[in-house]
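# Fold and geometry: a report
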Amino acid sequence: MARGRPPLPPAPDPMSVQALRARSVSELVDATFSLYRRDASAYIMVTAIASIPGLVGQLLLQGGGASATAAFAGVISLVVSMITYALMTGVILRMGSDVYLGGEADVAGAVRAVMPRVGTLIAIAIGKSILYGLGAIVFLVGFLYAFARWFAPEAVAILEQKDFGESFARCSQLSAGRKRHIFKALFLGYAIYFLLMVGVIAVAAAFGSETLSLFVQSLFMVVAYPIVGLLTMLLYYDTRIRGEGFDVEHLSRSLAAQPAR
């Protein structure tokens, strides 16, 4: 080895979770859990904080009966919960993206980046609910089509800084010709999530306490919900890699940003 020349870094493992490449359905789900395990405590902390207003609102509505004060406080808590959930979704997407692209999970940095987009994220959540509802009216096929076509407008809004309409239009572009692949990946990820949730609900119901059952279900959501966001983020990049060569583009930018030796 010539003197004065530093050794070359090892080539990245093409099978590592950070390797940018097109992935099969099972590989996408496996990469999702790998990303989650890498920074699980950070994701759980973000989700736990975001869950507090919703939990408080449910407890107030549950314990206050027909009390107008309790009902008002519960509604306020649920409105605040809508805001915190939008922020949580964006933060998970941003943190997961940073790690996937070779960086580190930075909760504070992600919060700063996502805060200006909270309004857009809330609008997107409402818009998705309407589109999915309209799709469901056209029987199951319509819902599945909407589910696959508009699979990640939140990711587009956060990672590309698009507005409400642009996020949905961009999703339509990314999903063109790939809806079956998207649906299979989301179906597998959500199937795992819901099967676990059913088990948790069954266990919680065995306690015989509605309040305790609510806490157990909330705890499950805190631990498991980030998986949904991470899978969505990976699918977003997977469609870009398949359709736009994002892996090559990102590598070129990374090499260009390195200082000359």
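The rules behind each value
Residues numbered from 1 in each chain as written. Predicted model: local features only at pLDDT ≥ 70, side-chain atom pairs only at ≥ 80, totals over all residues. Heavy atoms only, no water. Helix = DSSP H or I, 4+ residues; strand = E, 2+ residues; numbered from the N terminus. Buried < 20%, exposed > 50% of the residue type's maximum accessible area, 1.4 Å probe, protein only. Contact = heavy atoms within 4.5 Å. Areas by Shrake-Rupley, 256 points an atom, 1.4 Å probe, with all protein chains shown as cover. 1 Å grid on protein atoms, 1.4 Å probe; cavity = no way out; pocket = protein on both sides within 12 Å on 5 of 7 lines; lining within 4 Å. Points joined across faces, edges and corners; volume = space filled by probe spheres on them. Core = buried A, V, L, I, M, F, W, Y, C linked by side-chain atoms within 4.5 Å. pLDDT = per-residue confidence, 0-100. Phe/Tyr/Trp six-rings, centres within 6.5 Å; stacked < 30°, edge-to-face > 60°.

## With respect to the overall build of the protein
Helix and strand counts for the protein stand at 11 helices and zero strands. Buried positions account for 41% of the 261 residues belonging to the protein. A separation threshold of at least 6 residues defines the contact pool for the protein, and within that pool the share at least 24 residues apart is 72%. Summed over its atoms, the accessible surface of the protein is roughly 13,900 Å², and 68% of this surface lies on carbon and sulfur atoms.

## Section: the layout of surface pockets
Roughly 770 Å³ of internal volume is contained in the largest pocket. Together, 29 residues line the largest pocket, and Thr89, Glu154, Tyr190, Tyr225 and Val228 are the ones closest to its centre. Those elements giving two or more residues to the lining of the largest pocket turn out to be α3 (68–100), α5 (118–137), α9 (179–205) and α10 (210–244). Per-element tally for the lining of the largest pocket: the top contributor is α10, with eight residues.

## Concerning the nonpolar core
Most often, soluble globular proteins have nonpolar side chains that are buried together. Counting residues in hydrophobic clusters, the biggest one holds 51 residues, and the most contacted among them are Phe151 and Met233. Judged by nonpolar contacts, the second largest core, of seven residues, contains Tyr193, Met221, Val222 and Ala224.

## Brief notes about the confidence of the model for the protein
This prediction gives the protein a mean pLDDT of 84; 84% of its residues lie at or above 70. Note on residues 1–15: pLDDT under 50 across the span, and seven contacts to partners over four residues away in sequence or across chains.

## Topic: the environment of valine 46
The residue valine 46 is located in helix α2 (residues 40–63) in this model. Valine 46 sits in the buried class, given a relative accessible area of 11%. Spatially, the C-alpha atom of valine 46 lies 7.9 Å from that of isoleucine 92, the residues being 46 residues apart in sequence. Residue contacts for valine 46: discarding those within four places in its chain leaves Met88, Val91, Met95 and Val107.

## Considerations on unusual backbone geometry
Positioned with a positive phi, glutamine 161 is a non-glycine residue whose angle comes to about 60°. Inspection of the secondary structure puts glutamine 161 in the loop between α7 (153–159) and α8 (164–175).

## With respect to the packing of aromatic side chains
Applying the stated criterion across every chain, the model contains 15 aromatic pairs. Each ring, one from tyrosine 236 and one from tyrosine 237, has its centre 4.9 Å from the other, and the planes form 65°; the classification is edge-to-face. Residue classification places tyrosine 237 among the buried positions, given a relative accessible area of 4%. Three or more aromatic residues link up through ring pairs in this structure, and these residues are Tyr132, Phe143, Phe147, Phe183, Phe187, Tyr190, Tyr193, Phe194 and Phe220.

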